[in-house]
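# Reading the structure
Okay, here's what each chain looks like letter by letter:
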Amino acid sequence: MKVFRLCMAATALASLLAGGVALADPADKLEHIKPVLVAPPHVMEHEQATKAKPRVVEFTMTIEEKKIVIDEENGTTMQAMTFNGSMPGPTMVVHEGDYVQLTLINPATNALEHNIDFHASTGALGGGALTKIKPGEQTVLRFKADRTGTFIYHCAPEGMVPWHVVSGMSGTLMVLPRDGLKDQDGKPLHYDKVYTIGEFDLYIPKDENGNYKEYDTALESYGDTTEVMRGLIPSHIVFNGKKGALTGAGALTAKVGETVLFIHSSANRDTRPHLIGGHGDYVWATGKFINKPERNLETWFIPGGTAGVMMYTFKQPGIYAYVNHNLIEAFELGAAGHVKVEGKWNDDLMKQVVAPSAIKN
Ligand SMILES: [Cu+2]
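Every residue gets a number counted from 1 within its own chain, in the order that chain's sequence is written. Side-chain atom pairs in this predicted model are given and counted only at pLDDT of 80 or more, local residue features only at pLDDT of at least 70, and totals for whole chains, interfaces and linings cover all residues. Note that water and hydrogens are dropped before the side-chain values are worked out from all heavy atoms of the structure.

### Some thoughts on the packing of aromatic side chains
- Here a pair means two rings of Phe, Tyr or Trp (six-membered ring of Trp) with centres within 6.5 Å. Their orientation is stacked below 30 degrees between planes, edge-to-face above 60, and tilted elsewhere. Throughout the structure, instances matching the rule amount to ten aromatic pairs.
- Between F118 and Y153, the aromatic rings sit 5.7 Å apart at their centres with planes inclined by 50°, giving tilted as the arrangement. In this pair, F118 sits in strand β6 (residues 117-118) while Y153 sits in strand β8 (residues 149-154), placing the two residues 35 residues apart along the sequence. Take F118 and Y153: they sit in the same class, and that class is buried.
- Each ring, one from F262 and one from Y322, has its centre 5.3 Å from the other, and the planes form 10°; the classification is stacked. Of this pair, F262 sits in strand β15 (residues 259-266) while Y322 sits in strand β20 (residues 318-324); the two residues are 60 residues apart in sequence, bridging distant segments of the chain.
- Categorising residues by exposure relies on relative accessible area from a 1.4 Å probe, with only protein chains included: less than 20% of the type maximum marks a residue as buried, more than 50% marks it as exposed, and the intermediate range marks it as partly exposed. Residue classification places Y322 among the buried positions, given a relative accessible area of 2%.
- Ring pairs connect the aromatic residues F239, F262, Y312, F314, Y320 and Y322, which therefore count as one cluster. Each helix is a run of H or I in the DSSP string that is no shorter than four residues. Each strand is a run of E no shorter than two, and both are numbered from the N terminus.

### Some points on the pattern of salt bridges
- By definition here, a salt bridge exists when the distance from a side-chain nitrogen of Lys or Arg to a carboxyl oxygen of Asp or Glu is within 4 Å. Under the criterion given, the structure shown has 16 salt bridges.
- Of the charged contacts in the structure, one is a salt bridge between K243 and D71, with a shortest N-O distance of 3.8 Å. Separated by 172 residues along the polypeptide, K243 in the loop between β13 (236-239) and β14 (252-255) and D71 in strand β2 (residues 56-71) bring together distant segments of the chain.
- On the basis of relative accessible area, K243 is assigned to the partly exposed category, the value being 29%.
- Look at D71 and you get buried, because its relative accessible area is 5%.
- R272 is paired through a salt bridge with E329; the nearest N and O atoms lie 3.6 Å apart. On the criterion of sequence distance, the pair formed by R272 in the loop between β15 and β16 (273-276) and E329 in helix α4 (residues 327-331) is long-range, its members being 57 residues apart.
- A relative accessible area of 23% means that R272 is categorised as partly exposed.
- Three or more residues joined by partner-sharing salt bridges are found here, namely D25, D28 and R142.

### Describing the side chain of H95
- Tracing the backbone shows H95 in strand β4 (residues 92-95).
- A relative accessible area of 5% places H95 in the buried class.
- Within the structure, the side chain of H95 is placed 3.1 Å from the backbone oxygen of E47, a separation counted as a polar contact.
- Apart from residues lying up to four places away in sequence, H95 is in contact with E47, Q48, T50, A145, V175, L176, P177 and R178. Any pair of nitrogen or oxygen atoms within 3.5 Å is treated as a polar contact; in protein, a donor-acceptor pairing is required on top of that, and neighbouring residues in sequence qualify only through side-chain atoms on both sides. The criterion used for residue contact is that any of the two residues' heavy atoms lie within 4.5 Å.

### Examining the coordination of the copper ion
- Only nitrogen, oxygen and sulfur atoms qualify as donors, and only when within 2.8 Å of the metal (3.2 Å in the case of Na, K and Ca); with water excluded, sites may look incomplete. Around the copper ion, the donor atoms from the protein are H114 (ND1), C155 (SG), H164 (ND1) and M169 (SD), and they sit 2.0 to 2.5 Å away.
- Each donor residue of the copper ion belongs to the same chain, with the gaps between them written as H-x40-C-x8-H-x4-M.
- A residue is classified by how much of its surface remains accessible, and M169, at 0% relative accessible area, is buried.

### Here's the deal with empty space enclosed by the protein
- Residues are said to line a cavity or pocket when one of their atoms sits within 4 Å of a point; the points come from a 1 Å grid over protein atoms alone, cavities being sets where a 1.4 Å probe fits but cannot get out and pockets being open sets with protein on both sides within 12 Å along at least five of seven lines. Grid points are joined across faces, edges and corners, and a volume is the space filled by probe spheres set on the points. Under the definition given, this model contains two cavities of 30 Å³ or more.
- Its volume calculated, the largest cavity comes out at about 130 Å³.
- Those elements giving two or more residues to the lining of the largest cavity turn out to be β3 (76-83), α2 (161-166) and α3 (218-230).
- The nonpolar class holds Ala, Val, Leu, Ile, Met, Phe, Trp, Tyr, Cys and Pro. Asp, Glu, Lys and Arg form the charged class, and all remaining residues, Gly among them, are polar. Its residues assigned to classes, the lining of the largest cavity comprises eight nonpolar, five polar and two charged.
- Volume-wise, the second largest cavity comes out at about 40 Å³.

### Quick word on the sheet that holds β16
- As summarised here, the arrangement of the four strands in space is β14-β21-β20-β16, forming an open sheet in which the pairing is mixed. Each edge of the sheet is formed by a strand with only one pairing partner; in this case those strands are β14 and β16. Across the sheet, the axes of successive neighbouring strands diverge by a mean angle of 25°, strand direction being ignored. Pairing between strands is defined by DSSP: at least two bridges between the two strands are required. For helices, the axis comes from a line fit to the C-alpha atoms of the stretch in contact; other axes are also lines fit to C-alpha atoms, and the angle between any two N-to-C directions lies between 0 and 180 degrees.

### With respect to the domain arrangement of the protein chain
- Residue ranges assigned to each domain were obtained from an automatic or database domain assignment. By domain assignment, the protein chain separates into domain 1 (31-177) and domain 2 (195-342).
- Computed from C-alpha coordinates alone, the two centres of domain 1 and domain 2 are separated by 19 Å.
- Listed as interface residues are 38 residues of domain 1 and, on the opposing side, 43 residues of domain 2.
- Accessible surface is computed with a 1.4 Å probe, and the buried area is the amount of it that two parts give up when combined, taken over both parts together. Summing both partners gives a buried area of about 3,300 Å² for domain 1 against domain 2, and 68% of it is carried by carbon and sulfur.

### Some thoughts on the UniProt feature "binding site: Cu cation" (unreviewed entry) in the protein chain
- Mapped onto this structure's residue numbering, the UniProt feature "binding site: Cu cation" (unreviewed entry) falls at H114, H119, H154, C155, H164, M169 and H325. Across 212 residues, the annotated set is spatially dispersed, with a maximum C-alpha separation of 32.9 Å.
- Secondary-structure assignment places H119 in the loop between β6 and β7 (137-144).
- Discounting chain neighbours no more than four positions away, the residues touching H119 are F151, I152, H154 and G305.
- Discounting residues that sit within four places of it in the chain, H164 has contacts with M81, L112, E113, H114, C155, P157 and M169. UniProt positions are given in the numbering used here, feature names are shortened, and annotations may be inferred rather than shown by experiment.

The structure is reproduced here in structure tokens:
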């Protein structure tokens, strides 16, 4: 009996110690909030400057493997892997000093093991080593967002990292400074709306007749896709999952006088965004807000594996193209979208002095 009691006491002590460790964890004392993620190109509601104290911001993402059409004109398909069913995955927004607490779910309907690597986090391969989940499993990771900026997150399963990334598994986490964005002189900057654009270099295999192949499952596409990847020449380069995703009904919108923040992520390959007819008023091309923004950029450069940010206040109405300014990648391979801007034309900034007409002698 005595031995039994001692055993019980030891067990109680062990659980108390475990509890003690948890109690000492500073994140546990903080307020927890659960903002709602929204599908790209939109971004969850959030404050810019905030008076709130650091919090634990809880998110949930569910991994979905599915066949998608990447080029509606030709019906080309890809066996995609996604966070929350979209390419890119949803953009999460927190403030510096907050903790991100992600529940990652891999439903039994999927075939593959996945995980998540947050470039904003510190340790364990970005969280990848702590979040490996097979179909039918879920996991919860918490990390401190102690650096401001836009950061890629992506899947990174051992031995299959590039395939999962180029198949669609990436998105952006934006960590805002608690007092908001600042210009080069430290003056506050404010945006009226924010869009998130994920650029994806795709490697779709072709058959012996030169037609894009279609597969029933992701695993079936693996061998051929890897062959194309090793050639380093993408078959398509798309914004937000397919050619033309951000054109027509999917075009981004703005008004003259409105300031828009464009978040642009590219998890695997370099890109060089440009707004045709506009500029980058303030650009953090490498996405980290502790650095001063560059001004008046025509084209900026986002290294593969990075999410960058551009802020622009529209001054003219019309349809703008937002492109990767390797124009072959934009107009042949698909890396282009539109921004439809309403408002009044400004003749001082630009005027058609003589409309195109026959040459006068
Ligand atoms: Cu994955």
